[in-house]
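This is what each chain is made of:
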Amino acid sequence: MYQLEVPKVLKKGDTIALISISGGRAGDKDMLYRYQIGKERLEELWGIHVITTPNALAGSNFLYEHPEARAADLMWAMQNKEVNGIICMMGGDDSYRVFPYIDLNVIKNNPKVFMGFSDITSWMAVFAKAGVRAYYGPSLLTPIAQPAELDGYTKEAITKCLFSTEIIGNVPACSNYTNIEWRNLDKSDIKWEPNPGYKLVQGSGVVRGRIFGGCAGPLRQIMGTEFFPDRDFFKDCIIMLEGGSPYGSALAGLHDLRALDAAGMFRYAAGIIMGQLSEEEEKLIIKFLKYEARREDIPVLSNVDFAHRTPMTVIPIGAMAEIDCSHVTFSIMEPGVAKA
C-alpha cells in the first residue's frame, strides 16, 4: 500500500460538516429527528461546531437523481477552510455514481478527516487513490444518533482515533452489542447481547500490515475503474472485510470473495479481520481460502467491531495494524491523526 497523508487531529471548537454522499435519508421528513439527535450529540460530546453541506438534507429522491450534487458537496467541504472534518450521514448503495464528478486533486490538496461506513467503503478507495487517509467508522444516523445515548465503546473509539495524537494500540472487543436500530426507542427497550470477543478463524504468529477494506459490495461496484486499487496495493495489507452473507445468501458472499481474489486482494495480504460470522460463513471462508485463494496460511480474526452493528470502532485506513494470533488481539500501531 502506498503511504497516505494523515489528516490533522480534531479538537474542541472545530467545525465538522455532515454530508449525504451516498444515501439521502437524513433529509427525509421521517428521519430529520434522527439527524437532529446526532448533530446535537456531536456538539455536546466533543464540543465541536456541526454544519451540513449544501445538499445534505435535500432528501433521498433528489440526491439519487443528482449524484453531481453529492459530488459538489464533497468538493465544497474539502475546499472550505472553515471545515476541519467530514462525517457521512449514512451509507447507501450508489456512491460510485458520484465519482465522475469529483476532482482527486481537491482531496489530495485538502487532507482532512472523512468518516463513514458501509457503502462509504468505496470512498476509502477514492481517498487512498488521492493519497489521503480516510476513516472507516460511525456515520451520523447510526451509530452516532442511536436511540437513547451513544454507547461508551463507540464514543471512546471516536475520541481515541480522531481527537488524540496518541498511538491507538490495542483495540479491544466490545463487551455487549446490539443490532442497528432505526426506531426511536427508550434505553430500556434496546436489547444488548453479550459479546464473546474476537475469534481466531485460522493462522498463527504475529502479522503486521497497513489496513484497508470495508464492505465487499461497494468494492465490487468500483472494480474496473481507476479508483479500485491495483494488485501491488494489497501487498502486506491487513484486509478488513465485513464478510458474511449479503441479502441472506452465503453464495453471494462467496461471489464477493471470488471477485476480490481475482482482483488480487488476498494473494499477498498479511492478514484479514472480519465482522461477526455464523458457523456456516466461517466454514465457507476457511474453504475458500484453502482451495480457491490458496491462502490457508493467512491469519483471520473475526468478530471485530467495524461491521453493521452497534457499537463500532474507527479504523484509520492505511495505518499499520497487527493481528496477534497467540493472544487473539487486534491493534493499531500508530495514531489515527497527525498533530495540528
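Refer to the structure above for everything that follows.
Quick look at the structure, then.

Here is what the cut-offs are and how they apply
- Residues numbered from 1 in each chain as written.
- Predicted model: local features only at pLDDT ≥ 70, side-chain atom pairs only at ≥ 80, totals over all residues.
- Heavy atoms only, no water.
- Helix = DSSP H or I, 4+ residues; strand = E, 2+ residues; numbered from the N terminus.
- Buried < 20%, exposed > 50% of the residue type's maximum accessible area, 1.4 Å probe, protein only.
- Polar contact = N/O pair within 3.5 Å; in protein donor to acceptor, adjacent residues only side chain to side chain.
- Contact = heavy atoms within 4.5 Å.
- Disulfide = S-S within 2.5 Å.
- Pairing = 2+ DSSP bridges.
- Salt bridge = Lys/Arg side-chain N within 4 Å of Asp/Glu carboxyl O.
- Core = buried A, V, L, I, M, F, W, Y, C linked by side-chain atoms within 4.5 Å.

1. What about the side chain of Thr 15?
Working step 1: Tracing the sequence through the fold places Thr 15 in strand β1 (residues 15-19).
Working step 2: Note on Thr 15: relative accessible area 11%, which makes it buried.
Working step 3: Within the local environment of Thr 15, its side chain forms a polar contact with the backbone oxygen of Glu 82, the two atoms lying 3.5 Å apart.
Working step 4: With sequence-adjacent residues up to four places away left out, Thr 15 is seen in contact with His 49, Ile 51, Glu 82, Val 83, Asn 84 and Gly 85.

2. A closer look at helix α5 (residues 121-130)
Working step 1: Counting buried residues in α5 gives 9 out of 10 residues, a clear majority hidden from the surface.
Working step 2: Buried residues of α5: Thr 121, Ser 122, Trp 123, Met 124, Ala 125, Val 126, Phe 127, Ala 128 and Ala 130, and no others.
Working step 3: Where α5 is buried, its residues touch α3 (67-79), α4 (104-109), β4 (113-116), β5 (135-136), β10 (206-214) and α7 (216-221).

3. A closer look at the state of the cysteines
Working step 1: One pass over the structure, following the stated rule, counts 0 disulfides.
Working step 2: Cys 215 provides the cysteine sulfur closest to Cys 174, a residue in no disulfide bond, and the two sulfurs are 17 Å apart.
Working step 3: Cys 325 takes part in no disulfide bond, and the closest cysteine sulfur to it belongs to Cys 237, at a distance of 17 Å.
Working step 4: On the basis of relative accessible area, Cys 325 is assigned to the buried category, the value being 5%.

4. Focus: the sheet that holds strand β6 (residues 169-170)
Working step 1: In space, the 8 strands of this open sheet follow the order β6-β16-β15-β10-β11-β12-β13-β9, with mixed pairing throughout. The outermost strands of the open sheet, each flanked by one partner alone, are β6 and β9 (199-202).

5. As for the sheet that holds strand β2 (residues 49-52)
Working step 1: A sheet is described by the order of its strands in space; here 6 strands give the open sequence β2-β1-β3-β4-β5-β14, paired in mixed fashion. In this open sheet, the two edge strands, each paired with only one partner strand, are β2 and β14 (315-316).
Working step 2: Relative to β2, β1 runs parallel, the two being bridged by 4 bridges. For Leu 18, the partnering residue across the bridge sits in β2 and is Thr 52.

6. A look at the environment of Asn 110
Working step 1: With respect to the secondary-structure elements, Asn 110 resides in the loop between α4 and β4.
Working step 2: It is 41 Å that separates the C-alpha atoms of Asn 110 and Ile 286, two residues lying 176 residues apart in sequence.
Working step 3: Discounting chain neighbours no more than four positions away, the residues touching Asn 110 are Met 78, Gln 79 and Lys 81.
Working step 4: Looking at Asn 110, its side chain comes within polar contact range of the main-chain oxygen of Val 106, at 2.8 Å.

7. Observations regarding the pattern of salt bridges
Working step 1: In the structure shown here, the tally under the stated rule is 18 salt bridges.
Working step 2: Residue Glu 181 pairs with Arg 183 through a salt bridge whose shortest N-O separation is 2.8 Å.
Working step 3: Judged by its relative accessible area of 19%, Glu 181 is buried.
Working step 4: Salt-bridge contacts for Glu 334 lead to Arg 210; the nearest nitrogen and oxygen are separated by 3.2 Å. Of this pair, Glu 334 sits in the segment after β16 (329-332) while Arg 210 is found in strand β10, placing the two residues 124 residues apart along the sequence. Neither residue differs from the other here; Glu 334 and Arg 210 are each classed as buried.
Working step 5: One salt-bridge network, in which partners are shared between bridges, spans Arg 25, Asp 28 and Asp 30.

8. Digging into the nonpolar core
Working step 1: The biggest cluster of nonpolar side chains holds 116 residues, and the ones touching the most others in it are Leu 74, Phe 114, Trp 123 and Phe 330.
Working step 2: A per-element tally of this core places α5 first, with 7 residues.
Working step 3: Residues in contact with Leu 74, not counting those within four places in the same chain, are Ile 19, Ile 21, Ile 86, Ile 102, Ile 107, Phe 114 and Trp 123.

9. Observations regarding the environment of Thr 142
Working step 1: Relative to the helices and strands, Thr 142 resides in the loop between β5 and α6 (152-162).
Working step 2: For the pair Thr 142 and Glu 181, spaced 39 residues apart in sequence, the C-alpha separation works out to 8.0 Å.
Working step 3: Ignoring any residue separated from it by four or fewer positions in sequence, one finds Thr 142 in contact with Arg 34, Phe 117, Ile 180, Trp 182 and Thr 310.

10. Some details on the pairing of β16
Working step 1: In terms of strand pairing, β6 meets β16 through 2 bridges, oriented antiparallel. Within β16, the position partnered with Asn 170 by the bridge is Ser 331.

11. Considering the environment of Gly 209
Working step 1: One can find Gly 209 in strand β10.
Working step 2: We classify Gly 209 as buried; its relative accessible area is 2%.

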